[in-house]
Amino acid sequence: MKEALSPSIDSFLAMISVEKGLSKNTVEAYSRDLSALCQFLLEQEVTSWNKLEPFHLRAYVPWLRRKGLSGSSISRHIVTLRRLCLFLQTEGVLSDGTVPSLYLKTAGRKLPQPLSSEDIRSLLDQPDSAALLGRRDRAMMELLYATGLRVSELISIQPQQINFEGDYLTVKGKGSKVRAVPFGKWAREKLLDYLQEARPRLLKGRTSSYLFINRSGKPLTRQGFWKLVHLYARAAGIEKKVTPHSFRHSFATHLLEGGADLRSVQAMLGHADISTTQIYTHVNGARLKEAHRRFHPRERGAGK
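Everything numeric here is computed off the predicted structure, so don't read it as measured data. (Residues numbered from 1 in each chain as written. Predicted model: local features only at pLDDT ≥ 70, side-chain atom pairs only at ≥ 80, totals over all residues. Heavy atoms only, no water.)

All right, on to the environment of Leu149 then. Topologically, Leu149 is positioned in the loop between helix 7 (132-147) and helix 8 (151-155). Residues Leu149 and Phe251 lie 102 residues apart in sequence; the distance between their C-alpha atoms is 9.1 Å. Non-local contacts of Leu149, meaning those with residues more than four positions away in its chain, are made with Leu144, Leu154, Ile157, Leu169, Val171, Arg179 and Arg248. (Helix = DSSP H or I, 4+ residues; strand = E, 2+ residues; numbered from the N terminus. Contact = heavy atoms within 4.5 Å.)

Structure representation (structure tokens):
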């Protein structure tokens, strides 16, 4: 029965991959959401798209809640559903009146948890500068903090994307959008050391189109880098959860705290919408409130 639903879903996934230029990870996330939708529809005995009725879709949100999904996850599933249905309407598979309005309680946006400058410094000092892999890891983390790249962008960098004359990277981000991101002297120093000394010795005469490689000469994976960051965070004695994305959060927060304008940070992060970047101004506001609570005489109990 699922086979009757699959061809249209496959066409939709092909469309967002080829025409919209969405990343492999994004397409895979859509695919997972649509697998859940198929499971739901089959439980409702909807075995083809022409049997889909508005009351079926109204029952989808309660079904997702019963599965224990969070509000943000449910919102993502509904966005996926809406985009699929819009595609099916465009293709003439669904009629315009099939999709009802699905109202969701707006989930509060979770504030990012940046690291302090001291934590970042301690984290960057952990790799062993005498070891080849340690020099690679230091270069990766310095570059990540210097640029605010997504980890998927970091592990896919090729050497020709680096311009040492202008000290910037040319990065292809979400939606295949290309942006130039500057980096500073610390990242430059560690990158040159890795490129000139460590990488050739890791390659051992082999070739690779990727900048960051493992001891076998293959590109480093997201999971591999995540494990490294986790180990270095533990070695640094950092108690809060640290992930590769923590560098991106810290990059944006520290730039804004230092006086950078929001539009510049948006461009460096590769955000299509400035509202996505504005979440970091909320982080600054939270820190200001905490500073007020800790240091204002009235709040500390003095001056009553």
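Next comes the rest of the description.
What follows concerns the pattern of salt bridges. Summed over all chains, the structure comprises nine salt bridges. A salt bridge links Asp137 to Arg136; the shortest N-O distance between them is 2.8 Å. This pair shows no difference in class: Asp137 is buried, exactly as Arg136 is. Here Glu142 ties to Arg138 by a salt bridge, and the two come within 2.9 Å at their closest N and O atoms. Remark: Arg138 and Glu142 occur in helix 7; sequence separation between them is four residues, near one turn of the helix. Residue class for Glu142 comes out buried when judged on its relative accessible area of 5%. Arg138 gets classed as buried once you look at its relative accessible area, which sits at 16%. Through salt bridges with shared partners, one network takes in Asp125, Arg138 and Glu142. (Salt bridge = Lys/Arg side-chain N within 4 Å of Asp/Glu carboxyl O. Buried < 20%, exposed > 50% of the residue type's maximum accessible area, 1.4 Å probe, protein only.)

The tally for this structure, following the rule as stated, stands at seven aromatic pairs. Both rings, one in Phe40 and one in Trp63, keep their centres 5.4 Å apart while their planes meet at 55°; by these two values the pair is tilted. Here Trp63 lies in helix 4 (residues 60-66) and Phe40 lies in helix 2 (residues 24-43), a separation of 23 residues in the sequence. Neither residue differs from the other here; Phe40 and Trp63 are each classed as buried. (Phe/Tyr/Trp six-rings, centres within 6.5 Å; stacked < 30°, edge-to-face > 60°.)

Moving on, we come to the pairing of strand 2 (residues 168-172). What you see with strand 2 is a clean split: Leu169 and Val171 sit on the buried side and Tyr168, Thr170 and Lys172 on the side with no burial. Here strand 1 (residues 162-163) runs beside strand 2; their pairing, made up of two bridges, is antiparallel. Across the sheet, residue Asn163 finds its bridge partner in strand 2, namely Tyr168. Two successive antiparallel strands, strand 1 and strand 2, enclose a turn made up of four residues, where Asp167 displays a positive phi of approximately 55°. Across five bridges, the pairing between strand 2 and strand 3 (residues 178-182) is antiparallel. Each residue of the ladder has a partner; that of Leu169, found in strand 3, is Val181. (Pairing = 2+ DSSP bridges.)

One can describe the packing of helix 6 (residues 117-124) onto helix 7 by two numbers: an axis separation of 10 Å at closest approach and a directional angle of 155°. When the interaxial angle is binned, helix 6 and helix 7 end up roughly antiparallel. Contacts between helix 6 and helix 7 involve Ile120, Leu123 and Leu124 from the former and Arg138, Met141, Glu142 and Tyr145 from the latter. Residue composition of the contact of helix 6 with helix 7, by class: five nonpolar, no polar and two charged. (Axes fitted to C-alpha atoms, helices over the stretch in contact; angles between N-to-C directions. Parallel < 35°, antiparallel > 145°, perpendicular 65-115°, else oblique. Nonpolar A, V, L, I, M, F, W, Y, C, P; charged D, E, K, R; others polar.)

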